[in-house]
Amino acid sequence: MGRYIVRRMLQAIPLLFIVSLIVFVLIMNMGDPLIAFAGRNGQVKGADRERLIRKLGLDQPIYVQYVVWLVGNDWMKLDLDGDGVPETNGTRRGVLRGDLGTSVVTREPVIKMVRDRLPNTLLLMVTAEIVIISFALILGIATAVFKYSIFDNVFTGLSFVGFSMPVPLLALGLIYIFGVYFKRAGLPYFPTVGMFEPAAGKTPEQLVWHLVLPVATLSIISIAAYSRFIRSNMLEVLGHDYIRTATSKGLSSRVVLFKHALKNAALPIVTLIGLDLGFLLAGALVTETIFSWPGMGRLFYDHALKSDMPVLMGVLMLISISVIFFQLLTDITYTFVDPRIRYQ
Amino acid sequence: MAVATETLSKGEERVMFSPSTKPTLSLWGLAFRRFLRHRAAVGGIIGLALIFAFVIVGSFAYTEAYANKPDVVNRLQAPSWLQDPPTWEHPMGTDSVGRDVLARIIYGGQISLIIGFLSVLIAVTLGAIIGAVSGYYGGSVDSILMRFTEAMIAIPSLFFLIIISKMLIGSIPNINLLGRSLSGSVPIVIFVIGIFGWMVEARIVRSQFLSLKQQDFVLAARALGVKDHSIMWKHILPNSIAPIIVFASLGLAVAILTEAYVGFLGLGVQEPTASWGNILNQALSYLNRAFAPQDFIHRGVWWLWLFPSLMIIFTVLCVNFIGDGLRDALDPRGLTK
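Residues numbered from 1 in each chain as written. Chains lettered and ligands numbered in written order. Predicted model: local features only at pLDDT ≥ 70, side-chain atom pairs only at ≥ 80, totals over all residues.

As a further point, take the overall build of chain B. Within chain B, the secondary structure is distributed over 16 helices and two strands. When the 337 residues of chain B are sorted by exposure, 45% land in the buried category. (Helix = DSSP H or I, 4+ residues; strand = E, 2+ residues; numbered from the N terminus. Buried ≥ 20, exposed ≤ 12 C-beta atoms within 10 Å, placed from the backbone.)

What follows concerns the overall build of chain A. Regarding its fold elements, chain A presents 12 helices and two strands. Ordered by position in the sequence, the α and β elements of chain A form the string α-α-α-β-β-α-α-α-α-α-α-α-α-α. Put simply, chain A has 344 residues, and 33% of those count as buried. When contacts within chain A are restricted to residue pairs at least 6 apart in sequence, long-range pairs at least 24 apart make up 66% of them. (Contact = placed C-beta atoms within 7 Å.)

On to the domain arrangement of chain A. Parsing chain A into structural domains produces domain 1 (2-97) and domain 2 (110-337). Tallying the contact residues gives 16 residues for domain 1 of chain A and 15 residues for domain 2 of chain A. (Domains from an automatic or database assignment.)

Here we take up the interface of chain B and chain A. On the side of chain A, 45 residues touch chain B, which itself brings 38 residues to the contact. Those elements that place two or more of their residues in the side of chain B that touches chain A are α1 (2-7), α7 (139-154), α8 (157-168), α13 (241-264), α14 (276-290), α15 (293-298) and α16 (303-330) of chain B. Element by element, the count of residues in the side of chain B that touches chain A is highest for α16 of chain B, at eight residues. Of the residues contributing to the side of chain B that touches chain A, the split by class is 31 nonpolar, three polar and four charged. (Nonpolar A, V, L, I, M, F, W, Y, C, P; charged D, E, K, R; others polar.)

Moving on, we get to the nonpolar core. Soluble globular proteins tend to bury their nonpolar side chains together. Core analysis: the biggest nonpolar cluster contains 160 residues, and M234, F300, L312 and L316 of chain A together with I162, V189 and A283 of chain B have the highest contact counts within it. When residues of this core are assigned to their parent elements, the largest contribution, 17 residues, is made by helix α6 (residues 101-137) of chain B. There are two domains that each give this core at least three residues, and those are domain 1 (2-97) and domain 2 (110-337) of chain A. Residues within four places of F300 of chain A in sequence aside, it is in contact with L285, L312 and V315 of chain A together with F159 of chain B. (Core = buried A, V, L, I, M, F, W, Y, C linked by C-beta atoms within 7 Å.)

Attention now goes to helix α4 (residues 110-145) of chain A. Compared with the 52 Å implied by 1.5 Å per residue over 36 residues, the 50 Å span of α4 of chain A between its first and last C-alpha is a close match. At R117 of chain A, α4 of chain A shows its maximal kink, close to 35 degrees; a proline, P119 of chain A, follows between one and four residues later. (Expected span 1.5 Å × (residues − 1). Bend = angle between axes of the 7 residues up to and from the residue.)

Residues and elements named next belong to chain A. Even without a glycine there, the phi angle at Y148 is positive, about 65 degrees. Checked against the element boundaries, Y148 lands in the loop between α4 and α5 (150-163). Its identity is not glycine, yet S292 carries a phi of approximately 50 degrees, on the positive side. For S292, the position within the fold is in the loop between α10 (285-290) and α11 (296-305). Taking the C-beta count within 10 Å as the criterion, S292 has 18 such neighbours and is therefore assigned partly exposed.

Turning our eyes to something else, we now look at the environment of I313 of chain B. Residue and element names in this part refer to chain B. Mapped onto the elements of the fold, I313 is located in helix α16. The class for I313 is partly exposed, based on 18 C-beta atoms found within 10 Å. For I313 and V97, which are 216 residues apart along the polypeptide, the C-alpha to C-alpha distance reads 25 Å.

With that settled, the discussion passes to the confidence of the model for chain B. Residues and elements named next belong to chain B. Confidence in the prediction for chain B averages 80 pLDDT; 86% of positions are at 70 or higher. The least confident element of chain B is α1, whose mean pLDDT is 42; the most confident is α6, at 92. Low pLDDT (under 50) marks residues 1-16, which in the prediction has 26 contacts with non-local residues, meaning those over four places away or in another chain. The ipTM, which scores confidence in the relative placement of chains, is 0.85 for this predicted complex, and the corresponding pTM is 0.86. (pLDDT = per-residue confidence, 0-100.)

Residues and elements named next belong to chain B. Interhelical geometry of helix α4 (residues 39-61) versus α6 gives an angle of 130 degrees and a closest axis separation of 8 Å. As the angle between them shows, α4 and α6 are arranged oblique. Where α4 crosses over α6, the handedness of that crossing is left-handed. Residues I51, F54, V55, G58 and S59 of α4 lie in contact with α6, whose contacting residues are I106, Y107, G109, Q110 and L113. (Axes fitted to C-alpha atoms, helices over the stretch in contact; angles between N-to-C directions. Parallel < 35°, antiparallel > 145°, perpendicular 65-115°, else oblique. Left-handed = near helix turned anticlockwise from the far one by under 90°.)

Okay, here's the thing in C-alpha cells:
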C-alpha cells in the first residue's frame, strides 16, 4: 500500500503541470495583456507599451514566459531598456517557489492578497460543508429508511426544486425575506452585507450573525443533491442479503442501519465529499458576490472585471492544487476505509 | 439489482414483470414505455413545451425592438397589475432603464434556451470524440487524453468561464440572423459553456468503449476488415448512446444554470440582447450600486430578479425531471432482474 500511495503522488505531479500549462496558455492568449494598465476605453500605446512589455517579459517567446512563471527569473539578466544588452537582474521567484506574481491593479504580491482572503472563504465554506454533511446524512438516511412514505415523496419533490435552484433566486429571496421584510416587520433580522457591521466592530457574534444567510444559501442547494445521493446509496446497500441476514439474526434496527448499512454506503459518500473538499478553497463565486463576502470568489470576480491576470492565474492555480491534493487524499483514504481493495 | 427496482415507481414494477408484457418490444420501445410511465418526466416534457410555446408565442405579442427600447421616464415600475388602477401595460414591471421585463423574459428565454441546447451539443460532441478515441485506442493516447480530462476537471469551470468571457466578449461584432440583430457575445457564451462541459461524458463514453470493444461483434467487424473509425462511430457508439442521452439531458440543466450565473455576473450575453442571466444582472448591479440592500428592496425592485429566476428554476426543474425519467428508462440496469 505504501508503494500505491507513492505512485499516486507521483501521478499527481504531471497532472499539476498539465493544469498549469492549460491555465497559462489560455490566460496568456486572451487578448491584450496590457489592458489592465489602460484607461477606460483605451490601450497602452507607443513607448509606454514597449517599456511595459519588456518589463513584464512579454517580449519573450511563450515557452520562456512559462518557464519564468514557473521557476522565476532571478537567475537571468533582463534587457529592460531595449538596447539589446541584458543587464538587470530579474526579481520574480516563480510559482514553484511560492511567488504567484504581483497584482497589476493593487501592486501587491498575489500571495499576500490570497492570504488575506483565504481565512474568510474557509470560514464560510467549512461552516457550510459541516451544515451540508450533517443535514444531508440525516435526510438521506431517513428518506431511505422510510422510502415511498409521504415524507420521502415530499422531500424528493423538494430536493428536485433544491438542486434546480439558481443561486441568485435563493440568495436574493433570503435577503428579501430575512434581511429586509423581517426588519420592516420589527422582527430580529439578518445582516446581508460583508462579515461585520462597521459600527459594531469585529466581534464573534457579528460574524456568526453575518454567516447565517450565505451559509443557508450554500447549504440548501447542496443538501438537496447530497441527500439524494446518500439516499440512493443507502437503498442499494439496504437491498443486499447481508442486511436481511443481520436483521434476521435479531440485531436491533439501529445496529443494522448504522453498523452494517451506513458503513458500506459511506464509501461513495466519502469519495463525493473528498472531491468536493478541494473546491472549498474556491469559495462560492456567486454567493460571495451577492453577500459581499470578502473571500476568494469575490477576489477573483473583482479582479476578473479589471483583467488582473496575475491574480486570476494565482487563484486558479491554488484552487487546482487544492483539488488535486484532495483527490489524492481521497484515494489514499479509500485504501484505509475499504479493506476489500487490494493494491499491487 | 436493488437500485433498478428502487428507481422505478411501484406501478411500473408491476407492469414490467406481469406476463402481459409483450416480449416482442424492442429495447427502445421498452424504454419509451418506461419513460411514459415516469409521471414527473412526462410533466417535465409538458412543462418544457409550455416554456417553448411561451417564448415563441410571446414574440408575436411583443417585438424585439420593444423589448430593447429604453423608456427612462418609466424606469423601475412595479408590475402594472399591482398599481392603482391595475393595467396590463407592464405585467412584470420595467427594468432600470424602463424596458418591459416580460418582453425581455420572452426574448431572453429564446437566447437562454438556444445557448443551453447548442452548448450541450458542443459538449456532447467533444465528450463523445475524446471518450471514444481514448477508450478505443488505449495506450498512450488514452493516458494523455485522460490526464488532460483530469486536469480540466481540477480547474473550477465557472472561474475559467468568467476569464474567457471577460476576454472574448466584445471581440465579435453583432450578428444579423433572420432579420434580428444579436449580440456577438451569444456564440461566445455557447462556445465557452460547451468546451467546459464534456469531461464527465468523455469518461462515461471511454468506459463504455473499454468494455464494448472486447465484445464479439467488434471482433467480427474487425475480422471483416471494417475500418477503425467505422467501428468506432457505427458499431460501438450507437451501443453507448443511452448514457450519452442521459448525460445530455442533465447537461442541459447545468448549461442553462451556468448561462444564468455568467449572465448574472455581467459577463455573459451583453445588452441590449436579453438573456435570463443578464436580466438578473440588473438586480446585482442595483445591489452593488446601492451599497445597501435595504434600499434595494425598499425601492421595490423584486420583479427584476423574481420573474427571470422563476423562469430559470421552472426550466431547469423540467429538464431535470426529463433527465431523471430518461435515466430510469435507458439505464441498462433497469432491464436486468
